[in-house]
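Here's the letter readout for the chains.
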Amino acid sequence: MSSGFAGPTLEVRGLRTHFFTRGGVVKAVDGVSFEIGKGRILGLVGESGSGKTITGFSILGLVDPPGRIVEGEIRFKGENLVGLPDDRLRAIRGDRIAMIFQDPMMTLNPVLRVDTQMIEAVRAHHPVSTKEARARARDALGRVGIPSPDERLGAYPHQFSGGMRQRVAIAIALLNNPELIIADEPTTALDVTIQGQILYEVQKLCREGGTSLIWITHDLSVVAGLADHVCVMYAGKIAESGSVDDVLDRPMHPYTKGLLGSVPSRNKRGSPLAQIPGMTPSLLNLPDGCPFAERCPRADGDCRAALPPMVEHLPGRAARCIHPHLEGRA
Amino acid sequence: MSAPIAADLPAKVETPFRRLASEFVEDPLAVIGAVVLAIILLVAIFAPLISPQNPYDLSKLDILESRLPPGAKSMDGMTFWLGTDGQGRDMLSGIFYGLRTSLAVGVFSGICAMAVGMAAGLVAAYLGGRTETLIMRLVDLQLSFPTILIALILLAVLGQGVGKIILALVIVQWAYYARTIRGTALVERRREYVEAAVCLGLSQPRIIFNHILPNCMPPMIVIGTVQVASAIALEATLSFLGIGLPITEPSLGLLIANGFEYLLSGRYWISFFPGIALLVTIVSINLVGDQLRDVLNPRLKR
Amino acid sequence: MTVFMVRRLMQSVVVLLLMSVIVFLGVFAIGNPVDILISPDADQIERERAIRALGLDRPIWEQYFVFLVNAARGDLGRSFVFNEPALRLIFERMPATLELAGTAVVISLVVGIPLGLYAGLKPQAATSKGIMAGSIVGFSLPTFWQGLMFIMVFAVMLGWLPSTGRGQVGTFLGLKSSLFTRDGLAHVILPAVNLALGNTALIIRLTRAGVRETLLQDYIKFARAKGLSNRRVVGVHVFRNILIPLVTVIGLEIGGLIAFAVVTESIFAWPGMGKLIIDSINQLDRPVIVAYLMMIVLLFIAINLIVDILYSVIDPRVRLQDVKG
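Residues numbered from 1 in each chain as written. Chains lettered and ligands numbered in written order. Predicted model: local features only at pLDDT ≥ 70, side-chain atom pairs only at ≥ 80, totals over all residues. Heavy atoms only, no water.

1. Examining the sheet that holds strand 1 (residues 10–21) of chain A
Each strand in a sheet pairs with its neighbour through backbone hydrogen bonds, running either in the same direction (parallel) or in the opposite one (antiparallel).
Residues and elements named next belong to chain A.
So, point 1. With respect to topology, four strands assemble into an open sheet ordered 2-1-4-5, the strand pairing being antiparallel. Single-partner strands in this sheet number two, and they are strand 2 (24–36) and strand 5 (79–80).
So, point 2. Strand direction decides the pairing type here: strand 1 and strand 2, joined by ten bridges, are antiparallel. Residue pairing in the sheet places Phe20 in a bridge with Val25 of strand 2. (Pairing = 2+ DSSP bridges. Helix = DSSP H or I, 4+ residues; strand = E, 2+ residues; numbered from the N terminus.)

Below you can see the structure in the form of structure tokens.
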């Protein structure tokens with residue numbers, strides 16, 4: 001999984017995004033590194049509050065105060081996006097990097113027509129006529145499988161169903177043929193059948209266009225069918241990373257193992273569902289050691305003493321754990 | 001309105017009040033407002049003790065000392081810090097007494113309106129059906145007309161007097177409380193804790209008063225502060241127009257109206273200082289109310 | 001849309017009828033009109049004849065019916081004081097009030113919306129805190145006292161602007177207004193600003209609250225993620241959304257301004273309906289009070305109707321419901 005392409009489309013190194021709130025500093029993203037190659041799909045997995053969404057916003061420079069990126073590099077095609085002037089970043093947003101949000105009911109402006117919202121996205125980046133922009137919008141709607149796109153262009157968001165709205169949002173993301181799409185749980189709010197369709201289509205569109213995709217989700221089964229590579233996040237840090245098959249079949253980090261164990265499946269029927277005891281720690285005052293130590297069956301004094309480093313236990317398989325599950329391997 | 005909250009603080013350590021109080025003091029403007037309001041309340045309560053003169057004891061007034069500018073001295077050596085009005089009345093004393101009347105009318109009508117509005121709103125929320133429709137239509141009708149218009153008409157029909165202006169203020173204001181408490185109560189009613197109380201077989205009045213009502217209080221407090229401020233302003237306006245309080249119970253509005261005729265000849269102090277007192281009172285109430293709303297509104301939490 | 005309009009009109013008629021009952025009961029039934037209509041030294045026979053002539057001996061519902069029939073013909077009685085039809089008096093004074101209220105609305109929008117936008121977009125800036133503190137003062141300033149202070153400062157001390165009356169009235173495109181002459185404009189500034197100030201504060205606060213709430217929405221973040229300029233995000237995405245509460249409140253506030261013109265007109269001796277109603281209340285000129293109230297109710301109903309129509313233009317979600325309804 002490691003090489004085969006010249007430079008990665010996106011390379012995130014040591015990213016820290018902190019929120020300076022009244023109660024203290026919330027370390028939402030705290031030292032995250034990953035990369036993604038051209039046409040690749042990366043699954044960013046974690047529970048809510050693990051920092052995966054903020055990671056996505058950080059890449060686009062959309063972190064709102066009191067939050068800000070305090071450290072790290074985000075190299076997009078070699079160019080560091082951190083500290084880039086606003087207008088340079090804006091030129092990249094929506095043109096070369098696009099984002100799809102979680103709740104399709106909330107992502108489209110309710111008082112503006114769909115064509116308005118699509119045309120402005122084209123014209124923000126390309127000096128084309130309204131007519132030309134409209135044609136592109138219609139094509140994009142067609143590509144994501146919206147029937148009679150010409151008519152639908154003139155409609156308002158509330159006249160679409162949730163699934164259709166998410167397709168519109170995806171069409172908006174595709175409008176300018178971006179090199180990278182960040183999809184933040186775009187199917188979580190949808191029915192399972194529609195979820196399947198959208199997953200399939202996004203995957204197809206990315207493969208066809210050579211677009212890289214970061215798929216943020218809490219759902220391991222979605223990642224299993226979609227991504228090439230996966231990063232599991234816990235408490236603002238990456239707990240484990242590797243190729244999808246490796247991570248899902250042979251997890252190293254006890255957290256990943258716990259997460260996999262808590263997914264109900266057919267072959268586990270009848271046996272009690274494993275649970276991770278305890279709760280996600282508050283990001284406001286994390287313990288010194290491993291943030292998962294309190295919930296970890298393998299934790300000992302060393303885990304609580306200092307934060308374990310990210311170690312590549314096997315080629316292409318890194319985990320932030322001093323007692324990884326390596327049984328029967330290496 | 002902030003006084004009872006503050007009073008509870010030392011006794012209970014980890015109460016919501018303590019959290020609210022610590023958030024409340026974050027805005028220096030609100031703290032200034034609360035302090036000024038406390039001073040104004042003390043002045044109003046102790047007006048007879050601290051006033052240099054009893055402004056309504058006609059035997060103490062000397063027409064020769066009328067319309068004196070601020071800082072002038074009276075024949076018997078008393079200083080009129082804020083000047084005197086057309087009848088030789090010390091403005092400072094007049095303002096102290098006026099504050100007393102204005103605040104008394106504002107607070108009392110506010111409390112009555114809150115009681116009436118809460119009763120109506122709770123009844124509407126709890127009984128539903130026709131009763132609710134009737135009450136809420138009345139509320140809608142009331143709220144679609146400006147307060148001053150309704151007050152004007154009521155007083156035109158009722159005539160002058162302290163009781164009548166309080167009645168007018170209550171009629172003008174009850175609908176705000178009724179609407180808010182009905183909305184809150186409808187939400188609270190569906191909460192699990194009410195269902196639990198019903199399951200425990202608690203009586204309806206007990207559920208309403210012990211369970212629903214306390215949870216409706218935060219918005220009531222916010223509306224209460226704002227409404228008291230607007231009641232004071234409205235009373236002053238009506239008194240200024242000559243249809244509010246009678247001359248025997250002078251409020252700040254009447255003092256200002258009395259100064260109107262002297263304004264054009266440059267004797268500004270007769271209208272100016274009572275107006276400042278009125279303004280400071282209303283602003284400090286609004287500052288406190290504003291901060292209370294931010295503190296009590298969970299939606300604005302970051 | 002037509003179904004919606006018809007339904008709204010029907011509702012308006014019901015409100016109007018309801019208000020006419022309240023006004024009738026309030027003004028006619030409480031207190032005895034005979035005392036005002038008939039001279040105190042008239043003897044018993046004369047009194048009874050007058051009572052019969054005025055129809056005051058008939059049952060209350062019949063009196064109301066007569067009142068209603070007359071009202072429908074545009075007859076709301078004659079003023080005791082002016083001995084003129086009450087309605088004509090109102091109509092004579094109405095343009096001055098509408099002119100004052102209209103100018104005040106324009107002032108409060110032109111000043112309030114930009115300041116509110118600024119304060120909402122940059123809540124932490126010192127300027128924003130200043131704007132908000134100012135708006136609290138503006139909100140708290142009693143209109144009448146603020147008007148007095150205006151007169152004191154700008155008319156008495158500085159002598160820049162006249163303090164009373166409407167000034168010269170000019171004609172433009174068949175419309176008569178003091179806004180068309182220099183003298184008229186000078187006269188309208190103080191009362192209009194006086195009337196506008198509280199409203200401006202309200203619009204600032206409303207705009208700011210709307211902006212702050214809208215900025216938190218996902219669709220704003222999505223708009224930014226599309227790479228739109230700040231101007232477009234604020235000017236189109238935010239503004240279109242805050243327009244909805246703004247239109248509602250502005251509609252209500254126009255009514256409020258017309259009502260509060262009572263105070264401003266009294267202070268600045270502005271010859272509008274507000275001054276007329278205060279004079280009428282003081283002189284117990286009941287037909288004028290009734291005529292004023294019915295006109296105000298009508299005005300309010302008209303404003304509400306316009307607001308509802310505007311509302312459905314701005315908010316597509318409402319439009320859909322209307323089509324369904």
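So, next bit.
2. Notes on the pairing of strand 7 (residues 180–184) of chain A
All names here are of chain A.
So, point 1. Most of strand 7 is tucked away: five of the five residues are buried.
So, point 2. The alternating pattern of strand 7 places Leu180, Ile182 and Asp184 on one face and Ile181 and Ala183 on the opposite face, and all of these are buried.
So, point 3. Bridge count for strand 6 (residues 97–100) against strand 7 is four bridges, and the pairing is parallel. Residue Met99 lies in a different strand from strand 7, and its bridge partner there is Ile182. (Buried < 20%, exposed > 50% of the residue type's maximum accessible area, 1.4 Å probe, protein only.)

3. Considering the pairing of strand 11 (residues 311–314) of chain A
Residue and element names in this part refer to chain A.
So, point 1. In terms of strand pairing, strand 11 meets strand 12 (residues 317–319) through three bridges, oriented antiparallel. Bridged to Val311 within strand 12 is Ala319.
So, point 2. Here strand 11 folds back onto strand 12 in antiparallel fashion, the turn holding two residues, of which Gly316 has a positive phi close to 75 degrees.

4. Quick notes on empty space enclosed by the protein
Over the atoms, a rolled probe matching the size of one water molecule traces out where space is still vacant.
So, point 1. Within the structure shown, the criterion is met by five cavities of 30 Å³ or more.
So, point 2. The volume enclosed by the largest cavity comes to roughly 60 Å³.
So, point 3. Lining the largest cavity we find Gly94(A), Ala98(A), Met99(A), Ala121(A), Ile172(A), Ala173(A), Asn176(A), Phe222(C), Ala225(C) and Lys226(C).
So, point 4. Broken down by secondary-structure element, the contributors of at least two residues to the lining of the largest cavity are strand 6 and helix 7 (162–174) of chain A together with helix 9 (218–225) of chain C.
So, point 5. Of the residues belonging to the lining of the largest cavity, the class tally is seven nonpolar, two polar and one charged.
So, point 6. Roughly 50 Å³ of internal volume is contained in the second largest cavity.
So, point 7. Every residue along the wall of the second largest cavity is listed here: Tyr234(A), Lys237(A), Ile238(A), Ala239(A), His253(A), Cys290(A), Pro291(A), Phe292(A) and Arg320(A).
So, point 8. The dominant element in the lining of the second largest cavity, judged by the number of residues it contributes, is strand 10 (residues 237–243) of chain A, at three residues.
So, point 9. For the lining of the second largest cavity, the per-class residue count stands at six nonpolar, one polar and two charged. (1 Å grid on protein atoms, 1.4 Å probe; cavity = no way out; pocket = protein on both sides within 12 Å on 5 of 7 lines; lining within 4 Å. Points joined across faces, edges and corners; volume = space filled by probe spheres on them. Nonpolar A, V, L, I, M, F, W, Y, C, P; charged D, E, K, R; others polar.)

5. So, the nonpolar core
So, point 1. Ile90(C), Phe144(C) and Tyr292(C) are the most contacted members of the largest nonpolar core, which has 163 residues in total.
So, point 2. Here the element with the most residues in this core is helix 10 (residues 204–240) of chain B; it accounts for 17 residues.
So, point 3. Beyond its immediate sequence surroundings of up to four residues, Phe144(C) is in contact with Ala236(B), Thr237(B), Phe240(B), Gly253(B), Ile256(B), Leu278(B), Val263(C) and Ile267(C).
So, point 4. Within the second largest apolar cluster, 97 residues are counted, among which are Ala28(A), Leu205(A), Met233(A) and Leu259(A). (Core = buried A, V, L, I, M, F, W, Y, C linked by side-chain atoms within 4.5 Å. Contact = heavy atoms within 4.5 Å.)

6. Overview of the sheet that holds strand 12 of chain A
Residues and elements named next belong to chain A.
So, point 1. Here eight strands make up an open sheet; going across it, the order is 6-7-8-3-9-10-12-11 and the pairing mixed. Both edges of this open sheet fall to strand 6 and strand 11, since each of them pairs with a single strand only. Ignoring which end each strand starts from, the neighbouring axes of this sheet average 20 degrees apart.
So, point 2. With two bridges connecting them, strand 10 and strand 12 associate as antiparallel partners. Along strand 12, the bridge assignment pairs Ser241 with Ala318. (Axes fitted to C-alpha atoms, helices over the stretch in contact; angles between N-to-C directions.)

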